[in-house]
Amino acid sequence: MSSTRALCILPALLACACAHPPTKPDIFLISLDTTRADAISAWGMAPAGRRDLHGQVITPNLDALASSGVRYAWAFAHAPSTLASHATVFTGLDPHQLAIPRNGFPLLPGRETLAERLKADGWATTAVLGSSSLARPMGVDRGFDAWDETFSVTRRHRHEATATEVTDRAIAALNARPAGEPVFLFAHYYDAHGPYHAPGPGHFGAPTDPATITRLTAACRADGCESVEPEMEQVRGAYLDEVAYVDSEVGRLLAQPRGPAGRIVVVFGDHGELLGEEAKRPFGHGADVDPAATHVPLIFVAPGLAPGIVQTAVGLQDLAPTLLALAGDTRPFGAGIDLAGIVEGPQIPMEATQPGANAPGWNNRANEHGMVQGDEMVIEAPWLDEPARYQHVDGSAAPPDDPRAQTLHQGLLAWLADTPPFRAVQMDAATREGLKALGYVDE
Ligand SMILES: [Zn+2]
């Protein structure tokens, strides 16, 4: 409980203390699971690859938020899966520093979390989850006073809450806090994760079921996704319907009254989603670090923060230090940096979380890896025995003899040379089955 609250319940004795306005704003950290940057209209791209929808507003609430703050046009997730990416956001550490190969491997002890820091700084900390991928045994709940993982939907062994439920519970948590106490709220919206079937009639596509995805996957692998393009467009539209649904629920959350010291809002996507860009793996995420799977939305809004757009690439590792600096805590956090005023961002390592273990080395040693800096990226996939690919962050080709590409590749190789040891984990049968249903367990 903050000293401000303690003073304010004794107004007759300490009125002069209460005359000072609260100085800590509320903080909302909003996670858009499985959300590609191009799905947010403010990014000005063809939504999820749908050129026919270019210029159409899909996400009015997030667009308005982006225009009132700083929008990072080229933000990248370091890992294309839920737990690893959120662990990076919560600790300011990259995948090797975290040693989380994929979902189901709990956050190791000794890593300070964002919630722990903000709690120590005087914020009440509360979280509302949309998926069991971040359930309490995964350890990312550290530092939260309240952690709501009430799930209403079970898909085989996967547990989820809808965006409406997440917003309802987040509002209830805000209303339940003591008056005047600043709150750090983490709200996790999972709906954009497959299967894509938003409530109500689809605006952009027909709801999809797993059987359709299985059939289209087979067709893409056999003849290329172009062979089933009309149906692929429907799937992309169904995905956008989910994103639009989440946008409406985020808008309802953001419509809640601000605290007396205002509000910091940070919105991010934990990873993207392939929607036909790769014929061998046309849907989902986990095995690729291509922009479809790693280019994510990132928006900061804070009292006094001038609106703007940052064009150089940034990574989610730096989200927490940037947020903390806006909240007045400029002490080092994790291995990240404060992105304020950044001109050319740092090298951003990325690592896929599938196809799986290859003991005795680091679990992900053979997986696809990448490095991003500025407007360039390099990707290599040892498990496919493919040579390194150089490209710009927008997907356009970059010449391999570009000195910047060579420098980036050297940076990637140096990062790969310093990997954690193989990590085995004991999972109970239910957890294993749940993760298998999500596609995160290999056998
Ligand atoms: Zn996710």
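Residues numbered from 1 in each chain as written. Predicted model: local features only at pLDDT ≥ 70, side-chain atom pairs only at ≥ 80, totals over all residues. Heavy atoms only, no water.

A. Representation of the packing of helix α3 (residues 60-67) against helix α9 (residues 229-254) in the model. Direction vectors running N to C along α3 and α9 enclose 55°, while the axes themselves pass 7 Å from each other. Compared by their axis directions, α3 and α9 come out oblique. Residues P60, N61, L62 and L65 of α3 touch α9, and the partners they reach there are D247, S248, V250, G251 and L254. Residues belonging to the contact of α3 with α9 are distributed by class as follows: 5 nonpolar, 3 polar and 1 charged. (Axes fitted to C-alpha atoms, helices over the stretch in contact; angles between N-to-C directions. Helix = DSSP H or I, 4+ residues; strand = E, 2+ residues; numbered from the N terminus. Parallel < 35°, antiparallel > 145°, perpendicular 65-115°, else oblique. Contact = heavy atoms within 4.5 Å. Nonpolar A, V, L, I, M, F, W, Y, C, P; charged D, E, K, R; others polar.)

B. Representation of the pairing of strand β1 (residues 26-32). In terms of burial, β1 is largely enclosed, as 7 of its 7 residues are buried. Sheet topology places β1 next to strand β8 (residues 183-189); 6 bridges connect them, and they run parallel. Residue pairing across strands places I30 opposite A187, the latter belonging to β8. (Buried < 20%, exposed > 50% of the residue type's maximum accessible area, 1.4 Å probe, protein only. Pairing = 2+ DSSP bridges.)

C. Just the sheet that holds strand β12 (residues 295-296), in detail. A sheet is described by the order of its strands in space; here 3 strands give the open sequence β12-β3-β15, paired in mixed fashion. Because the sheet does not close on itself, it has two edges, and the strands there are β12 and β15 (314-315). Relative to β12, strand β3 (residues 75-76) is paired through 2 bridges, and the arrangement is antiparallel. Among the inter-strand pairings, A75 is bridged to a residue of β12, identified as V296.

D. Looking closely at the nonpolar core. Among the nonpolar cores identified, the biggest contains 52 residues, and I30, Y189, Y239 and L253 are the most heavily contacted of them. Per element, the largest residue contribution to this core is 11 residues, and it comes from α9. Setting aside residues no more than four positions away along its own chain, Y189 makes contact with I30, S31, L32, D33, A163, V166, T167, V246, E249, V250 and L253. The next biggest cluster of nonpolar side chains, apart from the first, holds 48 residues, and it includes V89, F90, V140 and F186. (Core = buried A, V, L, I, M, F, W, Y, C linked by side-chain atoms within 4.5 Å.)

E. Structural detail: the packing of aromatic side chains. For the coordinates displayed, the defined rule picks out 7 aromatic pairs. Ring geometry for F90 versus F186: centroids 5.0 Å apart, planes at 80°, classification edge-to-face. With a gap of 96 residues between them, F90 in helix α4 (residues 82-91) and F186 in strand β8 connect regions that are remote in the sequence. For F186, a relative accessible area of 0% gives the class buried. Measuring from centroid to centroid gives 5.7 Å for F144 and F184, while their planes differ by 25°, and the two rings are stacked. One end of the pair, F144, is in the loop between β4 (124-128) and β5 (146-148); the other, F184, is in strand β8, and 40 residues separate them in sequence. Both residues of the pair, F144 and F184, belong to the buried class. One aromatic cluster is present, built from ring pairs that chain together F90, F144, W147, F184 and F186. Over the aromatic face of W43 sits the side chain of R71, whose NZ or CZ is 4.8 Å from the ring centroid. (Phe/Tyr/Trp six-rings, centres within 6.5 Å; stacked < 30°, edge-to-face > 60°. Lys NZ or Arg CZ within 6 Å of the ring centre and 35° of its normal.)

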